[in-house]
There are 2 protein chains.
Amino acid sequence: MKAAVLYSGGKDSSLMATILDKFGYDVELITINFGLFDSSIPAAKSAKNLGFKHKVITLNREILDDAVDMIIEDNFPNNGINYIHHQAIEYVAAQYDVIADGTRREDRIPKLTMSEIQSLEDRLDVQYLNLTGIGYKTVNDISDEIFELEKKESDIYNSSDYEMEVRVLLKQKGCSIDEIFPQHIQSKVIGWKIK
Amino acid sequence: MKAAVLYSGGKDSSLMATILDKFGYDVELITINFGLFDSSIPAAKSAKNLGFKHKVITLNREILDDAVDMIIEDNFPNNGINYIHHQAIEYVAAQYDVIADGTRREDRIPKLTMSEIQSLEDRLDVQYLNLTGIGYKTVNDISDEIFELEKKESDIYNSSDYEMEVRVLLKQKGCSIDEIFPQHIQSKVIGWKIK
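Described below are features of the structure shown in this document. (Residues numbered from 1 in each chain as written. Chains lettered and ligands numbered in written order. Predicted model: local features only at pLDDT ≥ 70, side-chain atom pairs only at ≥ 80, totals over all residues.)

1. A look at the sheet that holds strand β3 (residues 53-58) of chain B
All names here are of chain B. The line we're drawing: The criterion for strand pairing is that DSSP finds at least two bridges linking the strands in question. Put simply, DSSP H or I for four residues or longer makes a helix, DSSP E for two residues or longer makes a strand, and each gets a number counted from the N terminus. Orientation is described by axes fitted as lines to C-alpha atoms, over the contacting stretch for helices, and by angles from 0 to 180 degrees between their N-to-C directions.
Strand order across the open sheet formed by five strands is β3-β2-β1-β4-β5, with parallel pairing between neighbours. At either margin of the open sheet sits one strand with a lone partner, and together these are β3 and β5 (127-131). Neighbour-to-neighbour, the strand axes of the sheet open up by a mean angle of 30°, direction not taken into account. Looking at chain direction, strand β4 (residues 98-104) and β5 are connected through four bridges and run parallel. Within β5, the residue paired with R104 across the bridge is L131.

Have a look at this one:
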């Protein structure tokens, strides 16, 4: 059975894809873009190195605009990023029987609530799964064991998170980015250690 | 790394064990007993057929007595079963670095809350995981794909759920069991279809 995994090239979404692959799903990694800046390249590279199929899906630019408006109003990224994730899930879920993302137990956003998941599955006749049953220590242990990882300060050239096009648009609008998105070290999957 | 999985011989705990096994953990399946009636035999058979190590851990009989008192008072099994599960997790977690169970997304009980999980992990320096990220349809699809399953009305001779010793004790106390535990069809794992 085909399974779409929303994919950033990070270890969480790579692990979710690996679990589905190990159980025989035909995994397609999906990276979302809005046509403003091609932030999908790092994810495409990770996907290629892992040997997974990879697609870039371009969503309506208005979603990005609305998310950035929310982020400017809140002076905080959470609601805007969560909005993008929900729109992405809705769009992709309509095209697959199984959809997954790399949300871990501790993640606050982007995250679907229990009732959002039930609504999604019922309305779109889809199965949704994520890593909510697993904590960050276990995800890290497994990822360190199976993936070659590269740890770097994330920037628009090495990450495919939703955040990257948001940063580009905030900059175009003359907003200070560092206040909204403090610098952080990011683990990118660059290949298998053990498959 | 060693990982203990609380194990009933059902598909949920078998799937949790399989995921950990696929990622290189040294899996030990643990079935809980209270020394009243040896309900661990079905789980031991399933474990043997899957090729996993299996241990029976006998917990203090008072835990079962207290659980059954709760169930009689409530005339409903949930609090008592949940109490047993929490006691089992606490006991086993103290002896392992990683502990898991087969709780799925829809399960209400037995279930650890987010704050119970955090408390457990912090106090006992353990990593806990379960199948909360996965819904029953996906668990069923994967289980049907990889396990040979036997579907039968559950009774004390074909299931190792906590419920079985509870039923035996309720019967000893002259309580009506069918009202508290309505008959239900149970899927037991009897071997691999595809490993």
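Now that the structure has been shown, the text picks up again.
2. Examining the sheet that holds strand β4 (residues 98-104) of chain A
All names here are of chain A. To keep it simple, the criterion reads: Contact between two residues is assigned when their C-beta atoms, built from the backbone, lie within 7 Å.
Strand order in the open sheet made by the five strands is β3-β2-β1-β4-β5, with parallel pairing throughout. The open sheet terminates on both sides in strands that have one partner only, identified here as β3 (53-58) and β5 (127-131). For this sheet, the mean inter-axis angle between neighbouring strands, taken without regard to orientation, is 30°. Contacting β2 (26-33) and β3, helix α2 (residues 41-50) runs over the sheet at an angle of about 160° to β3.

3. Remarks on the relation of the copies chain A and chain B
Two copies of the chain are present, and they differ by a rotation about an axis and a shift along that axis. The cut-off we apply is this: Least-squares fitting of one copy onto the other uses the C-alpha atoms of those residues that reach a pLDDT of at least 70 in both copies.
Aligned on chain B, chain A shows an RMSD of 0.0 Å; the corresponding rotation is 180° and the shift along the axis is 0.0 Å. Expressed as an axis order, the relation between the two copies is that of a two-fold axis. Scanning chain A for the C-alpha nearest the rotation axis identifies G133 of chain A, at a separation of 2.5 Å. Of all interface residues in chain A, 100% are interface residues in chain B too; the two copies therefore contact each other through one and the same surface.

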